[in-house]
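# A look at the structure
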Amino acid sequence: MSPIELNKRQEEILQIVKGNGPITGEQIADRLNLTRATLRPDLAILTMAGFLDARPRVGYFYSGKKPGQDISDTMNNMKVKDFQSIPVVVRDDVSVYDAISQMFLDDVGTLFVVDKNSCLTGVLSRKDLLRTSLGSQNLNAIPVHIIMTRMPNITYCVRNDSLIQAANRLINQQIDALPVVEEHPEGFKVIGRLTKTNITRAFLSLSENHEV
Ligand code: ADP
């Protein structure tokens, strides 16, 4: 729901109900020296927008909701698992050349590096690979574990983390992607990828489900 602007009369109604609820429409109208019929559209708006609740034979009472709370409820309920993508992983002994090829083939900006047990050992970004390519070294001869950012310095998330937590990590660490991991006795298995694109998609889904 969008944060809506209330008119003067709606604000007055809200104050009356806050201070006196539950209160009937008739009683609100009396206090404002208006007829019940005149108030009907305002009461309908306040009820639909979630400011007031109405109970038959009881009257109106203040719901305690702030405007726009519905959208923040939705945001807090968005989970990593609802928006994550498929991870693209490479083994830690592949060459920088092969990692670059993999990045193009799978059309991703971040590769996750795993060991022979398929456990997370590192992350490779576009710039990690570009930096290595600037020298005159043979890219076929350099294994990615030499240049990757390695554990335990990897920022990650789990399926049930909220999207807000994940977005905070992306911004605070100034990175483009988080591996979504699952803890196993031998280490972290990579089960997903959460990128800035996923966050943007989630942002768009808010506009589809709410009037923003
Ligand atoms: P780029 O370098 O292409 O702009 P990033 O901003 O994602 O991409 O990466 C910046 C640096 O942070 C790189 O050195 C990369 O290895 C590292 N990095 C990327 N993702 C993570 C992560 N999830 N945890 C730790 N380091 C990361």
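Residues numbered from 1 in each chain as written. Predicted model: local features only at pLDDT ≥ 70, side-chain atom pairs only at ≥ 80, totals over all residues. Heavy atoms only, no water.

Lys127, Asp128, Thr149, Thr155 and Asp176 are the nearest of the 14 residues found near the ligand. Here an oxygen atom of the ligand and a side-chain polar atom of Thr149 are 2.7 Å apart. Computed on the free molecule, the ligand has an accessible area of 540 Å², of which 84% lies beneath the protein chains in the complex. Judged by the proximity of its atoms to the pocket grid, the ligand belongs to the largest pocket. For the shell around the ligand, the elements supplying multiple residues, two or more each, are β5 (120-125), α7 (126-134) and β7 (177-184). A per-element tally of the shell around the ligand places α7 first, with three residues. (Near = heavy atom within 4 Å. Polar contact = N/O pair within 3.5 Å; in protein donor to acceptor, adjacent residues only side chain to side chain. Areas by Shrake-Rupley, 256 points an atom, 1.4 Å probe, with all protein chains shown as cover. 1 Å grid on protein atoms, 1.4 Å probe; cavity = no way out; pocket = protein on both sides within 12 Å on 5 of 7 lines; lining within 4 Å. Sits in = over half its atoms within 2 Å of the grid points. Helix = DSSP H or I, 4+ residues; strand = E, 2+ residues; numbered from the N terminus.)

Further remarks concern the packing of aromatic side chains. Per the stated rule, a full pass over the model turns up one aromatic pair. Centroid distance Tyr156 to Phe188: 4.7 Å. Interplanar angle 50 degrees. Geometry classified as tilted. Of the two residues, Tyr156 sits in the loop between β6 (149-150) and α8 (163-173) while Phe188 sits in strand β8 (residues 187-195), which places them 32 residues apart along the sequence. We classify Tyr156 as partly exposed; its relative accessible area is 30%. (Phe/Tyr/Trp six-rings, centres within 6.5 Å; stacked < 30°, edge-to-face > 60°. Buried < 20%, exposed > 50% of the residue type's maximum accessible area, 1.4 Å probe, protein only.)

Under the UniProt annotation, "domain: CBS" (unreviewed entry) lies at residues 83-142 and 148-212. Annotation note: span residues 83-142, helix share 35%, strand share 23%, distance between end C-alpha atoms 34 Å. (UniProt positions renumbered as here; feature names shortened; annotations may be inferred.)

For the coordinates displayed, the defined rule picks out zero disulfides. Unpaired in this structure, Cys119 has its nearest cysteine sulfur neighbour in Cys157, at a distance of 17 Å. The class for Cys119 is buried, based on a relative accessible area of 2%. (Disulfide = S-S within 2.5 Å.)

Attention now moves to the layout of surface pockets. In this structure, the largest pocket spans a volume of roughly 380 Å³. Together, 18 residues line the largest pocket, and Val123, Ser125, Gln174, Ile175 and Asp176 are the ones closest to its centre. Residue assignment for the lining of the largest pocket shows that the elements contributing at least two residues are β5, α7 and β7. Its residues assigned to classes, the lining of the largest pocket shows five nonpolar, eight polar and five charged. (Points joined across faces, edges and corners; volume = space filled by probe spheres on them. Nonpolar A, V, L, I, M, F, W, Y, C, P; charged D, E, K, R; others polar.)

All of the buried residues in α8 are Leu163, Ala166 and Leu170. Each buried residue of α8 sits inside an arc of 65 degrees when the element is viewed along its axis, so together they form one side. α8 presents Ile171 and Asn172 as exposed residues on the side facing more than 90 degrees away from its buried surface. Of the residues trailing α8, Gln174 is marked for its positive phi of about 55 degrees. (Arc of directions from axis to C-beta.)

Turning our eyes to something else, we now look at the sheet that holds β6. The strand order across the open sheet built from four strands is β3-β4-β5-β6, with neighbouring strands paired in mixed fashion. Two strands close off the open sheet at either side, each with one partner strand: β3 (89-91) and β6. Across the sheet, helix α6 (residues 96-106) lies against β3, β4 (110-114) and β5, angled at about 130 degrees from β4, the strand it touches most. (Pairing = 2+ DSSP bridges. Contact = heavy atoms within 4.5 Å. Axes fitted to C-alpha atoms, helices over the stretch in contact; angles between N-to-C directions.)

In this structure the tally under the stated criterion is eight salt bridges. With its nearest N and O atoms 3.5 Å apart, the salt bridge here joins Arg131 to Asp128. Taken together, the positions of Arg131 and Asp128, both in helix α7 and three residues apart, correspond to about one turn of that helix. Under the relative-accessibility criterion, Arg131 is labelled exposed at 54%. Three or more residues are tied together by salt bridges with common partners; here these are Arg126, Asp176 and Lys196. (Salt bridge = Lys/Arg side-chain N within 4 Å of Asp/Glu carboxyl O.)

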